[in-house]
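# Residue-level structural notes
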Amino acid sequence: MAIMGQSTVSFAEEDTLELNNVYITGGKDEVLQQPGSATLIDDVALEAFEYTDIHRVLNAVPGVNLQEEDGYGLRPNIGLRGTSPERSKKITVMEDGILSGPAPYSAPAAYYFPNISRMSAVEVFKGPSAIQYGPASVGGAINLVSREIPYDSQGELDVQYGSDNFQRYNVYQGQQIEEFGYLVEALRVSADGFKELDGSNDSTGFVRNDFNLKTSWQSRGELNQLFVIKLGYADEESNETYLGLTRDDFEKDPYRRYSSSQLDNMEWDHQQYQFTHVLELQNSTLTTDVYRNEFDRDWFRLSGFNNSDGNFTLVNILANHKEPAYQSYYDVLTGAASSGTSQQLRIGNNGRQFFSQGIQTRLNQDLTLFGFDHALEVGVRIHQDQVKRHHTEQNYNTLAGGQLQAVSGSFKTTARNTNDALALAVYIQDEIHIDDTVLSLGLRHESIEASKTMYGNITGIKESKNTLRQSVFLPGIGVYSQLTEELGILAGIYKGFTAATASAAGETKPEESTNFELGSRFSGSLAFGGRAEIIAFLNDYSEFSGTCSFSQGACDSSQTGEQANAGSAHVYGLEASWNKELFVAGFTLPALISYTYSYGEFGERFVDSTGAFGEKDQVIETGYRIGYLPEHRLNAQLGFGKDNWRVNASVLYQSDMRNIPGDGNIPLAELIEAHTVLDVSASYDVLMNLQLYSTIDNLLDEQYVAGVKPYGFRPGKPRSVNIGAKYQF
């Protein structure tokens, strides 16, 4: 359970009070002693490339598997240690230690993800290090650390402009005035998009706004206390689509968009309310958070054709567009022909309203028992969340020239339902320090009551309600021992769990696994003068699960959010990282290399009836490889700087991966080819408070497939050149 506060109070002997940012990892030094895998990306690393896409930030983290979608990271797809990356629904995502997803228990697909531009750090936890966080603990957890309130008056204006009319404006200002502190921040990011609609100059880009206020008040006396209020509002309008291209069209022009997607549009707004109280006692700290997040979205996007023949799906049309039976449908998609009655397009709005709220408390106590130092942490959280779905569709005729015209009288509701969840989570973790060894013992308990209520599409009257109750204990143990000054070893075993969502059809089982890791950290001569880490992991699933969703491509509107079980599965791999900072003739040369090997396969034969794991009604055999899991991911970063200028480069290699489960050689229609992407950046400090910088993403303009689901081949972002300036005041 994530009960990590973003701030604490440090009370000195003087009368002044200092507000310090505290990471869940405890900072860089503590990461090196973790009895599990933990990675901290601090503000220096974030500013090196000025990324606005969380995918590119996480490329440096071993054990991460990602699926690009829109090229800008608007809706991230992140997996850890082989978990499904789709909508980051199989990991726990937090902002300042608080669950950030729209409905982490009842609808875990994260269509909202905090803007990385306003963060000061990113923390990633895997293995026993993640047992404190839930409801998804199989792969691990990610915590985004927002900008802290500065002690002295401090502000910054950051302006960036680049390819495809990309614009970013970020301004903040804050300070502490005696007991009171504040931080005000505003962010706007936009672009016209890098895809071009057939026969149109309309934008395929997006606009995002983000406004945040953080205030604090500190009290000294018999009880030392900190009170923090954090408020946030964000919104987005993006002309994004699920529709991709045929393989042939992709190879001719990967940045083309068919005219039938011209009305596709996502709009959402998000509100954040958070109150934090920190109470410092003798040798202990009590932190309490009260929070609520609200998220409303409407996504208008092409659903398919108004044809009762199940063969004429978008997937089949794109895969077989040269065959006579499908040619006319393909011509309508591209705007080359007008539509007949059976070729009318169905364009739907997936309207959804979410809320997520709760209260969580954590006690940290340092004590000595039986001659050993203990760092004890006990936490409890009561959480409630909900999603209301109201999905609609309307038919559209395609006119000559590719214009779309709504068909009168065709508007209808396709789904009305509500998922609710109420959860109690409790955990205890004890880190015992025995000489140069840290032994971590943890136990987490989740008790969840989830329900799904179905309503009539026409009447809106309640028709049925199913309730699912889950109760699970999740033990874990990890150990790290510093054998010599340069060599340490770690090992861990814990039970992984991902909560099941309530189903309309019947009871589903939560995802459960037993996870193992074994590794070493070494430095000095053993790591060529730097620091290195190698960890082998195994996730042994007793129950592997997937969720039916539109982003998978085979989901009916009535089945959205329905979970499916696949039985046993196995994911294993290796994570490795190395970093070093060289100083040569006055130059600074920081270097970082991270590598991940992953292998995942199904352990049982079954039929994928909803398409939650691959294609609808696909027979998945024992030993089939899991889709969207590349065997190899390698990221290397190198910097070069002196005095007031710096240059950085980052290269990512990702091997081939499958679009759907299978075995043996990957057929071309299911292949997502390997690719290599090089990013570079440079900065120059003109004055003490003025910096000019430039970034080039995908310097070599690599054209590659980012994904094939749900409907056709979609590209990664092409070469993007940006320039920017930062002014501090």
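Residues numbered from 1 in each chain as written. Predicted model: local features only at pLDDT ≥ 70, side-chain atom pairs only at ≥ 80, totals over all residues. Heavy atoms only, no water.

### Focus: the nonpolar core
As a reminder of what qualifies: Remark: nonpolar core denotes a set of buried residues (Ala, Val, Leu, Ile, Met, Phe, Trp, Tyr, Cys) joined through side-chain atoms within 4.5 Å. Each residue gets one of three labels from its accessible area relative to the maximum for its type: buried under 20%, exposed over 50%, partly exposed in between, using a 1.4 Å probe on protein chains only. Numbering goes from the N terminus for both helices and strands, where a helix is a DSSP run of H or I of at least four residues and a strand is a run of E of at least two.
Counting residues in each nonpolar core, the largest one holds 40 residues, and the members touching the most others are Tyr111, Leu243, Leu302, Phe305, Ile317, Leu333 and Leu345. For this core, the elements supplying multiple residues, two or more each, are strand E17 (265–281), strand E18 (284–305), helix H5 (314–319), helix H6 (324–334), strand E19 (345–369) and strand E20 (372–398). Ile41, Phe49, Val124 and Ile142 belong to the second largest nonpolar core, which has 21 residues in total.

### Considering the packing of aromatic side chains
Using the following cut-off: Each pair of aromatic rings taken from Phe, Tyr and Trp, with Trp reduced to its six-membered ring, is defined by centres within 6.5 Å and is described as stacked if the planes are under 30 degrees apart, edge-to-face if over 60, and tilted in the remaining cases.
With the rule as written, the count across this model stands at 30 aromatic pairs. Taken together, a centroid distance of 5.2 Å and an interplanar angle of 20° make the contact between Tyr572 and Tyr599 stacked. Separated by 27 residues along the polypeptide, Tyr572 in strand E28 (residues 563–584) and Tyr599 in strand E29 (residues 587–602) bring together distant segments of the chain. When its relative accessible area of 35% is taken as the criterion, Tyr572 is described as partly exposed. What links up through ring pairs into an aromatic cluster is the set Tyr541, Phe544, Phe602, Phe606 and Phe613.

### Some words on unusual backbone geometry
Put simply, Gly134 and Pro135 share a cis peptide bond, and its omega is 25°. Within the secondary structure, Pro135 is located in the loop between strand E8 (119–126) and strand E9 (141–146). Omega for the peptide link from Lys709 to Pro710 comes to 0°, which places this bond in the cis form. Here the phi dihedral of Arg87 falls at roughly 55°; this positive angle occurs in a residue that is not glycine. Secondary-structure assignment places Arg87 in the loop between strand E5 (78–80) and strand E6 (92–95). Among the residues examined, Arg87 registers a relative accessible area of 1% and is labelled buried. In this structure, Asp617 takes a positive phi of about 65° despite not being glycine.

### Focus: the environment of Ile177
As for its position among the elements, Ile177 is in strand E11 (residues 166–177). Between the C-alpha atom of Ile177 and that of Gln703, which follows or precedes it by 526 residues, the distance is 52 Å.

### Side note on the side chain of Lys709
Worth spelling out the cut-off: Definition of a polar contact: a pair of N or O atoms within 3.5 Å, with one able to donate and the other able to accept a hydrogen when the atoms are protein atoms, and with sequence-neighbouring residues admitted only if both atoms are side-chain atoms. Any two residues whose heavy atoms approach within 4.5 Å at even a single point are treated as in contact.
Relative to the helices and strands, Lys709 resides in the loop between strand E38 (705–707) and strand E39 (714–715). Among the polar contacts made by the side chain of Lys709, one reaches the main-chain carbonyl oxygen of Gly614 at a distance of 2.7 Å. Beyond its immediate stretch of four places on either side in the chain, Lys709 contacts Ser551, Gln552, Gly614, Tyr628, Asn659, Ile660 and Arg714.

### A closer look at H6
For H6, the set of buried residues is Tyr326, Tyr329, Tyr330, Val332, Leu333 and Thr334. Buried residues in H6 make contact with helix H4 (247–252), strand E16 (256–257), E18, H5, E19 and E20. Once H6 ends, the next one or two residues include Gly335, with phi positive near 80°.

### Focus on the pattern of salt bridges
Convention followed: Salt bridges are defined by distance alone: a side-chain nitrogen of Lys or Arg within 4 Å of a carboxyl oxygen of Asp or Glu.
Applying the stated criterion to the full structure yields 32 salt bridges. Between Arg714 and Glu69 there is a salt bridge whose closest N-O contact spans 3.9 Å. Of the two residues, Arg714 is situated in strand E39 and Glu69 in the loop between strand E4 (64–66) and E5; the sequence distance between them amounts to 645 residues. As far as burial versus exposure is concerned, Arg714 and Glu69 are alike and both buried. The salt bridge involving Glu294 is made with Arg292; its shortest N-O contact spans 2.8 Å. Residue Arg292 is classed as partly exposed on the basis of its relative accessible area of 27%. Residues joined by salt bridges that share partners form a network here, namely Glu95, Asp96, Arg118, Asp210 and Lys230.

### Observations concerning the pairing of strand E25 (residues 487–498)
This is how the line gets drawn: For two strands to be treated as a pair, DSSP must find at least two bridges joining them.
Sheet topology note: the strand E24 (residues 462–482)/E25 ladder contains seven bridges and is antiparallel. Paired with Gly478 across the strands is Gly492, a residue of E25. The turn joining E24 and E25, which pair antiparallel and follow one another in sequence, is formed by four residues. Note that E25 and strand E26 (residues 511–524) share twelve bridges and pair antiparallel. Paired with Ile489 across the strands is Ser520, a residue of E26.

### Examining the environment of Asp701
Looking at the secondary structure, you find Asp701 in the loop between strand E37 (690–697) and E38. On a C-alpha basis, the gap between Asp701 and Gly716 in space is 10.0 Å, while along the polypeptide they are 15 residues apart. Leave out the neighbours within four places in its chain, and Asp701 touches Tyr255, Pro718 and Arg719.

### Side note on a negative patch on the surface
The following threshold applies: A patch consists of residues whose relative accessible area exceeds 30% and which take part in no salt bridge; residues with like charges are grouped when within 9 Å of each other, and nonpolar side chains (Val, Leu, Ile, Met, Phe, Trp, Tyr) when within 5 Å. Methods summary: accessible areas were calculated by the Shrake-Rupley approach with a probe of 1.4 Å, and residue burial reflects only the protein chains presented. Two residue types count as positive, namely Lys and Arg, and two as negative, namely Asp and Glu; His and chain ends fall outside the count. A charged residue contributes its charge at one atom only: NZ of Lys, CZ of Arg, CG of Asp or CD of Glu.
Where like charges cluster on the molecular surface, the negative patch consists of Asp164, Asp192, Glu196 and Asp253. Within the fold, Asp253 resides in the loop between H4 and E16.

### Remarks on the pairing of E11
Regular strands have side chains that alternate between both faces of the sheet. When strand E10 (residues 154–162) meets E11, the two strands line up antiparallel, connected through nine bridges. From the neighbouring strand, Leu157 faces E11, where its bridge partner is Val171. Taking the residues that link successive antiparallel strands as the turn, the E10-E11 hairpin has three residues, and the phi of Asp164 there is positive, at about 55°. Inspection of the sheet shows E11 paired to strand E12 (residues 180–191) by eleven bridges, in the antiparallel sense.

### Comments concerning the sheet that holds strand E3 (residues 37–41)
Strands sit in the order E3-E8-E9-E6-E7 across an open sheet of five strands; the sheet is mixed. The open sheet is flanked by E3 and strand E7 (98–99), the only strands paired with a single partner. One ladder, built from two bridges, connects E6 with E7; its direction is antiparallel. By the bridge assignment, Glu95 is partnered in E7 with Ile98.

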